[in-house]
Amino acid sequence: MRSLISFFTRIPARGDVERASNSLYLITLVAIIIALFPLILFIIIYRFVPRILLTIILLLSIYAVTGLLHLDGLADFSDGIMKKGTKDEKIRVLKDVNTGIGGTFSVIMVILIEFYAINSLRINLIQVAAFFIISEISAKLSMLIGLILFNAPEQGLAHEFKKSAKRSYLIIAVLLTTPLIIIFKITYFNIFVGIVISLIIGNLSNKNFGFVNGDSLGAMNEISRAATMWLICLGL
């Protein structure tokens, strides 16, 4: 668990790739830990700050905990799929350290969607808790599906995690969250939005690059969180 926290958050925790990959079935618990930060912050400050400022603080708190690695992955993934040409040319753009217009646009859109969703959220403790916890679980399940179902490149972190990812991990990861049904009721089932997003992004990644790498997983994470937030905001 500590190794997973070290890889998926900026929380100071010692860990290594082998231990993290062998404990991927706990990834939904890491999601809950991440979600607790904006949730607790909301409880502390929502009575004292204007709504727009509250929205900005809560949004920033998510990335303060998770870092910008997955957001950077979304940018690289978007640049790669927007490139016209062969797979090798697309992979070259994917690995380019410079961010193009496709990456910039996708990052801005995700941030705007999350901002709108947080700002439109009804001030109700249960709904706010569901909003942050379920959207983060959805995001992390998306990454787990991506590791389990799709081929990884021959090198990199995605390859290391792929070696240990088992289908049974998905079942365990979902089962660990089932007590939340009692609290969040129908909203709980939005955790499966991430699975749908993962299948879409995974197939796009395979088609364009021939694999799902860390950037593709980052795109799954960010898009799944934003889509789930939006759906919960709409009351679905």
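Everything below is about the structure shown above.
Just so we're clear, the structure is a prediction, and the values are computed from it rather than from any experiment. Every chain begins its residue count from 1, and numbering advances along the sequence as written. In view of the model being predicted, local features appear only for residues whose pLDDT reaches at least 70, and side-chain atom pairs are presented and counted only at 80 or more, with totals across whole chains, interfaces and linings using the full set of residues. As a convention, hydrogens and water are excluded, and side-chain values are obtained from all of the structure's heavy atoms.

Caption draft 1: Structural context of the overall build of the protein chain. Scanning the protein chain from terminus to terminus reveals 13 helices and zero strands. Only runs of H or I of at least four residues qualify as helices and only runs of E of at least two qualify as strands under DSSP, and these elements are numbered from the N terminus. Traced from its N-terminal end to its C-terminal end, the protein chain shows the element sequence α-α-α-α-α-α-α-α-α-α-α-α-α. What the globule rule says is 2.2 Å times the number of residues to the power 0.38, and the radius of gyration is computed from C-alpha atoms. Rg of the C-alpha trace for the protein chain: 17 Å, near the compact-globule value of 18 Å for 236 residues, within the 12% margin. With respect to the three principal axes, the spread of C-alpha positions in the protein chain is 50 × 40 × 35 Å. Buried positions account for 50% of the 236 residues belonging to the protein chain. The contact criterion used is simple: two residues touch if any of their non-hydrogen atoms lie within 4.5 Å. Counting contacts in the protein chain only where the partners sit at least 6 residues apart, residues at least 24 apart contribute 72% of the total. Buried residues are those whose accessible area, probed at 1.4 Å on protein chains only, stays under 20% of the maximum for their type, while exposed residues exceed 50% and partly exposed ones sit between those limits.

Caption draft 2: Structural detail: the packing of aromatic side chains. Pairing of aromatic side chains here covers Phe, Tyr and the six-membered ring of Trp, requires ring centres within 6.5 Å, and sorts the geometry by plane angle: under 30 degrees stacked, over 60 edge-to-face, intermediate tilted. Under the defined criterion, the tally for this structure stands at eight aromatic pairs. Each ring, one from F7 and one from F161, has its centre 5.7 Å from the other, and the planes form 85°; the classification is edge-to-face. With F7 in helix α1 (residues 2-8) and F161 in helix α9 (residues 157-164), this residue pair connects regions lying 154 residues apart in the sequence. When its relative accessible area of 27% is taken as the criterion, F7 is described as partly exposed. On the basis of an interplanar angle of 80° and a centroid distance of 5.3 Å, the ring pair of Y188 and F189 is categorised as edge-to-face. Under the relative-accessibility criterion, F189 is labelled partly exposed at 43%. Members of the aromatic cluster, connected to one another through ring pairs, are F7, F8 and F161.

Caption draft 3: Local environment of the pattern of salt bridges. Between Lys or Arg on one side and Asp or Glu on the other, a salt bridge is scored when a side-chain nitrogen of the former is within 4 Å of a carboxyl oxygen of the latter. The final tally for this structure, using the stated rule, is five salt bridges. A salt bridge links E114 to R225, with the shortest nitrogen-to-oxygen separation between them at 3.4 Å. Of the two residues, E114 sits in helix α7 (residues 101-120) while R225 sits in helix α13 (residues 214-233), which places them 111 residues apart along the sequence. Given a relative accessible area of 0%, E114 falls into the buried group. Note that R225 is salt-bridged to E136, the shortest N-O span being 2.9 Å. You can see R225 sitting in helix α13 and its partner E136 sitting in helix α8 (residues 125-149), a full 89 residues away along the chain. Judged by relative accessible area, which is 0%, R225 ranks as buried.

Caption draft 4: Main features of unusual backbone geometry. In this structure, K185 is a non-glycine residue whose phi angle is positive, near 55°. Relative to the helices and strands, K185 resides in the loop between α11 (180-184) and α12 (193-209). Take K185: its relative accessible area is 54%, and that puts it in the exposed class.

Caption draft 5: Representation of the packing of helix α5 (residues 69-82) against helix α6 (residues 87-94) in the model. Angles shown run from 0 to 180 degrees and are taken between the N-to-C directions of axes, each axis being a line fitted to C-alpha atoms and, for helices, limited to the stretch in contact. At a minimum axis distance of 8 Å, the contact between α5 and α6 shows a crossing angle of 155°. By the angle class used here, α5 and α6 are roughly antiparallel. Along this stretch, α5 crosses α6, giving a crossing that reads as right-handed. Residues D76, F77, D79, G80 and I81 of α5 form the contact with α6, whose participating residues are K90, V93 and L94. Under the scheme applied here, ten amino acids are nonpolar (Ala, Val, Leu, Ile, Met, Phe, Trp, Tyr, Cys and Pro), four are charged (Asp, Glu, Lys and Arg), and all others, including Gly, are polar. Residue composition of the contact of α5 with α6, grouped by class: four nonpolar, one polar and three charged. Orientation is classified from the angle alone, with under 35 degrees giving roughly parallel, over 145 giving roughly antiparallel, 65 to 115 giving roughly perpendicular, and any other angle giving oblique. Left-handed is the label given to a crossing in which the near helix is rotated counterclockwise from the far helix by less than a right angle, and right-handed is the label when the rotation is clockwise.

Caption draft 6: Representation of the nonpolar core in the model. Formed by 71 residues in total, the largest nonpolar core has its most connected members in L24, F131, F132, L144 and F184. The leading source of residues in this core is α8, at 14 residues. Beyond its immediate stretch of four places on either side in the chain, L24 contacts L4, F8, L144, L147, F161, A165 and Y169. Here, the term nonpolar core denotes a set of buried Ala, Val, Leu, Ile, Met, Phe, Trp, Tyr and Cys residues that are joined through side-chain atoms within 4.5 Å.

Caption draft 7: Quick peek at the environment of G156. Tracing the sequence through the fold places G156 in the loop between α8 and α9. Sequence separation between G156 and G214 is 58 residues; the distance between their C-alpha atoms is 7.7 Å.

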